[in-house]
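# Fold and geometry: a report
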Amino acid sequence: MSDFATRLIAWQQEDGRHGLPWQVADGYRVWLSEVMLQQTQVTTVLDYYPRFLAQFPTIFDLAAAPLDDVLALWSGLGYYTRARNLHKCAQAVVTQYGGEFPRDPALVAELPGIGRSTAAAITAFSYGTRAAILDGNVKRVLTRWAGIDGYPGVKAVENKLWGLAHALLPAEQIEAYTQGLMDLGATVCTPKKPTCLTCPMNADCQARLSNRQGELPTPKPKKTVPEKSTVMLIIRNDAGQILLEKRPPTGIWGGLWSLPEVESTLIASELAAQQLGLKIELEPALPDFVHVFTHYKLTITPQPAYAIAVSALHESNAQWFNIDAALAAGIPTPIRKILSKTPK
DNA sequence: AAGGCGGGGCG
DNA sequence: CGCCCAGCCTT
């Protein structure tokens, strides 16, 4: 039987994914796709990626753009730190490296938003650099194939996996090999119901031999998620516009436009007057809905209101938007949900 | 309702 | 370092 890499490369060429728009030897395109794919499924990225490239055809265009434009294109993808780092990284690559990513993965990993695995993917696909990736797909493939117990987020387990990932690297055809690892994890060695019968590693996969595919990788220890609630004000003015506030640059929905929030509807009017400098009249609240994050549950009460006395706004980070303009701005998903139901 | 998915930043 | 933070989508 041929070794791991030989089998994987042969499998990739025959049965792997081909023709994805970012399968090109171009640092900018590979980097953009890798950052989008960090927390997002391929099918979603296939939707966002071409729009993004159309507006920013080169890394120079991205570096020169206002952050707000980048966030607007990122709207709905989540983990908005990625968009801010993407923008910073483009500027760094332009100023430090003349617009081209370095060939050394260690240098690439110094850039904002790029860690060891993403750096390896960028250099492997762009330059054929011999560097090991270790993303979620690879962790799953390797823990199963080698029968490695323990949650991969634990340092000792992760170190073991990096060592194995490096040891398995072939001398050449890094691109097909790296793509093969990703493809195998995404299409065969899936989290649930892996299709081991078609897997090129099935003959010596430790998980399969011991029938432990369902137990590996060892799952993350669970924690109880806190529940929070908030009231979101949908304040209209005479012109039918809506008031949005820009959130602070870090923390949840950092840098995005969002609805003003108060803790309860009872004090909404007072707080609006105080914080925004607006006199408002509350309308009946809309039904609550729950937005679930991994780390907490947020119950949102949408509270429509009408601004009766509009003077200059207190806050420089608050602004009136037409609904269409708001929907085109960088806004988080629940806000989009509320605004798309708001009549124009 | 739960699981999956990399990297940054803080103490 | 270890630990916490962060937002979607799919199952």
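All figures in this text were calculated on a predicted structure; none of them were measured in a lab.

### What about the protein's contact with DNA strand C?
Taken together, 21 residues lie around DNA strand C, and Tyr79, Tyr80, Thr294, His295 and Thr333 are the ones closest in. Counting only atoms of DNA strand C within 4 Å of the protein, the sugar-phosphate share comes to 52%. Tyr80 places a polar main-chain atom, nitrogen or oxygen, 2.5 Å from a phosphate oxygen of DNA strand C. Of the residues contributing to the surface near DNA strand C, the split by class is eight nonpolar, 11 polar and two charged.

### So, the nonpolar core
If you look at the biggest cluster of nonpolar residues, it comprises 94 residues, and the most contacted ones within it are Phe4, Trp31, Phe52, Phe101 and Leu142. Residue-level mapping places this core at the junction of two domains, with at least three residues from each of domain 1 (4-131 + 169-187) and domain 2 (227-341). Of all hydrophobic cores here, the second largest spans 15 residues; its members include Leu233, Ala272, Ala305 and Trp320.

### Side note on the UniProt feature "domain: HhH-GPD" (unreviewed entry) in chain A
Per the UniProt record, "domain: HhH-GPD" (unreviewed entry) is found at residues 36-187. Structurally, residues 36-187 comprises 66% helix and 0% strand, and the distance from its first C-alpha atom to its last is 19 Å.

### A few points about the domain arrangement of chain A
With domains assigned, chain A is organised as domain 1 (4-131 + 169-187) and domain 2 (227-341). The C-alpha centroid of domain 2 is placed 35 Å from the C-alpha centroid of domain 1. Carbon and sulfur atoms supply 43% of the area buried between domain 1 and domain 2, which totals about 740 Å² over both sides. In terms of surface lost to domain 2, no three residues of domain 1 exceed Ser75, Tyr80 and Arg84, which account for 52% of the buried area on that side. Counting across the domain 1 and domain 2 interface gives one salt bridge. Residue Asp68 pairs with Lys246 through a salt bridge whose shortest N-O separation is 2.7 Å. Applying the counting rule to domain 1 against domain 2 returns four residue pairs in polar contact (both at pLDDT 80 or more). If one sorts the elements of the side of domain 1 that touches domain 2 by residue count, helix 5 (residues 67-74) sits on top with three residues. Here the residues of the side of domain 1 that touches domain 2 sort into four nonpolar, two polar and two charged.

### Considerations on the environment of Lys192
Note on placement: Lys192 falls in the loop between helix 11 (174-187) and helix 12 (206-209). Residue classification places Lys192 among the exposed positions, given a relative accessible area of 71%. Considered as a pair, Lys192 and Gln213 are 21 residues apart in the sequence and their alpha carbons are 8.6 Å apart.

### So, the pairing of strand 6 (residues 289-292)
Burial along strand 6 is one-sided: the residues Phe289 and His291 are buried and none of Val290 and Val292 is. Summarising the sheet, strand 6 and strand 7 (residues 297-310) pair through four bridges and their orientation is antiparallel. In the strand pairing of strand 7, Val292 is matched with Lys297. The turn joining strand 6 and strand 7, which pair antiparallel and follow one another in sequence, is formed by four residues.

### Concerning the packing of aromatic side chains
Per the stated rule, a full pass over the model turns up eight aromatic pairs. A centroid spacing of 5.2 Å and a plane angle of 65° characterise the contact between Phe52 and Phe56, whose relative ring orientation is edge-to-face. Each of the two residues, Phe52 as well as Phe56, counts as buried. Site record: aromatic cluster; members linked through ring pairs are Phe4, Trp145 and Tyr177.

### Observations regarding the protein's contact with DNA strand B
The environment of DNA strand B is made up of 19 residues, and the closest members are Gln38, Gly113, Thr118, Gly136 and Arg140. When atoms of DNA strand B within 4 Å of the protein are split into backbone and base, the sugar-phosphate part holds 76%. Interatomic distance of 3.0 Å between a side-chain N/O atom of Gln39 and a base nitrogen of DNA strand B. A distance of 2.2 Å separates a phosphate oxygen of DNA strand B from a polar side-chain atom of Thr118. For the surface near DNA strand B, the elements supplying multiple residues, two or more each, are helix 8 (116-127) and helix 9 (136-146).

### Description of helix 2 (residues 27-37)
Taking burial as the measure, the 11 residues of helix 2 include nine buried ones, the bulk of the element. Among the residues making up helix 2, those that are buried are Gly27, Tyr28, Val30, Trp31, Leu32, Ser33, Glu34, Val35 and Met36. Against helix 3 (42-55), helix 4 (59-64), helix 5, helix 6 (81-97), helix 8 and helix 11 lie the buried residues of helix 2. Near the N-terminus of helix 2, the side chain that reaches the backbone nitrogen of Tyr28, with its oxygen 3.0 Å away, is that of Asp26.

Thresholds applied
- Residues numbered from 1 in each chain as written.
- Chains lettered and ligands numbered in written order.
- Predicted model: local features only at pLDDT ≥ 70, side-chain atom pairs only at ≥ 80, totals over all residues.
- Heavy atoms only, no water.
- Near = heavy atom within 4 Å.
- Polar contact = N/O pair within 3.5 Å; in protein donor to acceptor, adjacent residues only side chain to side chain.
- Nonpolar A, V, L, I, M, F, W, Y, C, P; charged D, E, K, R; others polar.
- Core = buried A, V, L, I, M, F, W, Y, C linked by side-chain atoms within 4.5 Å.
- Buried < 20%, exposed > 50% of the residue type's maximum accessible area, 1.4 Å probe, protein only.
- Domains from an automatic or database assignment.
- UniProt positions renumbered as here; feature names shortened; annotations may be inferred.
- Helix = DSSP H or I, 4+ residues; strand = E, 2+ residues; numbered from the N terminus.
- Buried area = accessible area lost by both parts, 1.4 Å probe.
- Salt bridge = Lys/Arg side-chain N within 4 Å of Asp/Glu carboxyl O.
- Pairing = 2+ DSSP bridges.
- Phe/Tyr/Trp six-rings, centres within 6.5 Å; stacked < 30°, edge-to-face > 60°.
- Contact = heavy atoms within 4.5 Å.

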